[in-house]
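Reading the structure
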Amino acid sequence: MSKFRGRGAQINTANRFSQLAASREQVESIDDWGEADPATRYIEQEGKSLVNKVDSPDVGMFYSMNPYQGCEHGCVYCYARNSHEYWGYSAGLDFERNIIIKKNAPELLRKFLLRPKWECLPISISGNTDCYQPAERQYRITRRLLEVCHEFHQPVSIITKNAGVLRDSDLLSGMGQKHLASVLVTINSLDESLRRVMEPRTTTANQRLRVIRELSDAGVRTGVMLGPMIPGLNDHEIPNILEAAANAGASFSAYTFVRLNGAVKLIFHDWLYKTFPDRADKVWHGIEDGHGGKVNDSRFGTRMRGEGPVAELIRQQFKKFSKLYGLNQDSWELDTGSFHHPGQQIRMF
C-alpha cells in the first residue's frame, strides 16, 4: 500500500551529485511510518537559458524548452526524475514536491528567437517535464511561451497528459491551422485504478481523450503517445488505447518501452513491490527481458524500444493496430518557412 497518497514515488533516493544528501529508501523503524508529506513547494528562479539543442538522435525533436523542473504529476516511471538531482534534490519524492519555476522563460525565448543565427527548426515544449502540470494554472508560463511563438511564427510541438492544454485552444487552433503547432497526448492506460497509482496527479484517460477530440476539432494536429508500455501492467491495452484515440480524432501515434534509468530503477522497484506484490516479479522480469537482462539500456535506437521477444511483441502490436485504426498514414510537417521577427515581412519563398 502507498504510504504517501497522491504521490508516485514512495521514497527519496540518494542524490548522486551530493556528498551530504540524505535519503530514506527503507522503513527501518515504527517512527518512519508517521513521516509527513509536505505540500508541493514552488521555487521561483530567473533562468539564464531556456532552449536546449537535443543531440539524441532517437527522440524525434531538434530543440526543447521546459518552463518547469520537477513535476507534480508524480508518474513513477518518469525518466526526467534523474534531472532533478542536478538541482540538488532527490529523484524520488523531491521531484514531485519541489517544482522549480523558470519565471522569465518567455523573455528568454524571445531573446533566443531574435538571435540572427537562428535558423528556424521546431521546438518541443515538455521534452522533459509536463508544461501543463498544476503549476501552469498559477504561472501561465506555457501560455506566454505560445504567445511568443505565435508572434514569431515559430513552430512548436507539445507533449502532455494534462487537460489544462485546452485552456490554450484559442492559440493552438490558429497555430495548428498554419502548421505551427501539434500536440501529442500521453495515454498509457484506460484503467483508472492503474492510473491513480502509477500517475497519481494526472487527469483521467477519458479527459485525455477529450483533449484529443477538442483539439482535433479545433484544427490542431493531435496524436497519442503510448508511453511507457510496461510488460505485465499495461502492454495488453495497446489495441484499446489506439482505437479510442483514433475514434477521438488522433491522426498519429508513438510509443516507448519502459526503461528505468538511474534512480528511477530504485523508485519504480520500491513502488512496484509495494503496489502490485502479486505480479511484481513478473513485471520486473518482463522489463529485464526487454533490455537484455537489465532494466535500462542507454544505447540510442534501442533504449526506448527495447529488444527481445517481449519488446518485439509490443512493437508488432503497436504497428498493427496503428495501421488498423488509420494512424500515421499522412505526411505532415510543421512549417519552418514562415518564421519571422515581429515587424519583419514574412518570407514567401
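This text gives an overview of the structure that appears in the document. (Residues numbered from 1 in each chain as written. Predicted model: local features only at pLDDT ≥ 70, side-chain atom pairs only at ≥ 80, totals over all residues. Heavy atoms only, no water.)

**A short note on the overall build of the protein**
Cut-off, in case you're wondering: Starting at the N terminus, helices and strands are each numbered in turn, a helix being any DSSP run of H or I of at least four residues and a strand any DSSP run of E of at least two. The globule rule is 2.2 Å times the number of residues to the power 0.38, and the radius of gyration it is compared with is taken over C-alpha atoms. Three labels apply to residues, based on accessible area from a 1.4 Å probe with only protein chains included: buried if under 20% of the type maximum, exposed if over 50%, partly exposed otherwise in between. Whether two residues touch is decided by their heavy atoms; if any such pair falls within 4.5 Å, the residues are in contact. All accessible areas in this document rest on Shrake-Rupley with a 1.4 Å probe, and a residue is counted as covered only by the protein chains that are shown.
The helix and strand tally for the protein stands at eleven helices and ten strands. Over its C-alpha trace the protein gives a radius of gyration of 20 Å, about what one expects of a compact globule, namely 20 Å for 349 residues. In terms of principal-axis extent, the alpha carbons of the protein reach across some 70 × 50 × 35 Å. When each of the 349 residues of the protein is scored for burial, the buried share is 54%. Restricting the contact set of the protein to residue pairs at least 6 apart, pairs at least 24 apart contribute 79%. Accessible surface, the protein as shown: approximately 16300 Å² in total, 50% of it carbon and sulfur.

**Structural notes on the nonpolar core**
Our working definition: As used here, the term nonpolar core means buried Ala, Val, Leu, Ile, Met, Phe, Trp, Tyr and Cys residues forming a set that is joined through side-chain atoms within 4.5 Å.
Ranked by size, the top nonpolar core spans 92 residues in total, and within it Met65, Leu109, Leu113, Leu172, Ile212 and Phe268 carry the most contacts. Beyond its immediate sequence surroundings of up to four residues, leucine 172 is in contact with Leu146, Ile158, Val165, Ala181, Val183, Leu215 and Val220.

**Remarks on the side chain of serine 338**
The condition is simple: Counting of polar contacts relies on pairs of N or O atoms within 3.5 Å, with two restrictions inside protein: one atom must be capable of donating a hydrogen and the other of accepting it, and residues adjacent in sequence are counted only when both atoms are side-chain atoms.
Tracing the backbone through its elements, the reader meets serine 338 in the segment after α11 (309-324). In this structure serine 338 comes out as buried when scored by relative accessible area, which is 11%. Within the structure, serine 338 has its side chain in polar contact with the side chain of histidine 153 (distance 3.4 Å). Reaching out from serine 338, the side chain makes a polar contact with the side chain of aspartate 335 at a distance of 2.8 Å.

**Some thoughts on the pattern of salt bridges**
Should their charged atoms come close, side chains of opposite charge can pair. Worth spelling out the cut-off: Salt bridges are identified by distance alone: a Lys or Arg side-chain nitrogen within 4 Å of an Asp or Glu carboxyl oxygen.
Throughout the structure, instances matching the rule amount to 20 salt bridges. With a shortest N-O distance of 3.1 Å, arginine 143 and aspartate 168 are connected by a salt bridge. Here arginine 143, found in helix α4 (residues 141-152), pairs with aspartate 168, found in the loop between β7 (156-160) and α5 (169-177); they are 25 residues apart in sequence, far enough to count as distant. Judged on exposure class, the residue arginine 143 and its partner aspartate 168 are both buried. Lysine 274 is the partner of aspartate 270 in a salt bridge, and the nearest nitrogen-oxygen pair spans 3.1 Å. Taken together, the residues span about one helical turn, with aspartate 270 and lysine 274 both in helix α9 (residues 264-275) at a distance of four residues. The class for aspartate 270 is buried, based on a relative accessible area of 13%. Residue class for lysine 274 comes out partly exposed when judged on its relative accessible area of 30%.

**Things to note about the sheet that holds strand β1 (residues 41-45)**
To keep it simple, the criterion reads: Two strands qualify as a pair provided DSSP detects at least 2 bridges between them.
Strands sit in the order β1-β5-β4 across an open sheet of three strands; the sheet is mixed. Strands with a single pairing partner mark the edges of an open sheet, and in this sheet they are β1 and β4 (68-69).

**Topic: helix α7 (residues 205-217)**
Convention followed: Under the convention used throughout, the expected extent of a helix is 1.5 Å for every residue step, that is, one less than its residue count. The directions considered for the arc run from the helix axis to the C-beta atoms.
Along its 13 residues, α7 runs 18 Å from first to last C-alpha, staying within 8% of the 18 Å computed at 1.5 Å per residue. Listed in full, the buried residues belonging to α7 are Ala205, Arg208, Leu209, Val211, Ile212, Leu215 and Ser216. Buried residues of α7, seen end-on, are gathered within an arc of 150° and therefore sit on one face of the element. In α7, those exposed residues whose orientation departs by more than 90 degrees from the buried face are Asn206 and Asp217. Considering only its buried residues, α7 is in contact with α5, β8 (181-186), α6 (192-198), β9 (221-229) and α8 (238-248). Taken from the residues just after α7, glycine 219 is the one with a positive phi, measuring 90°.

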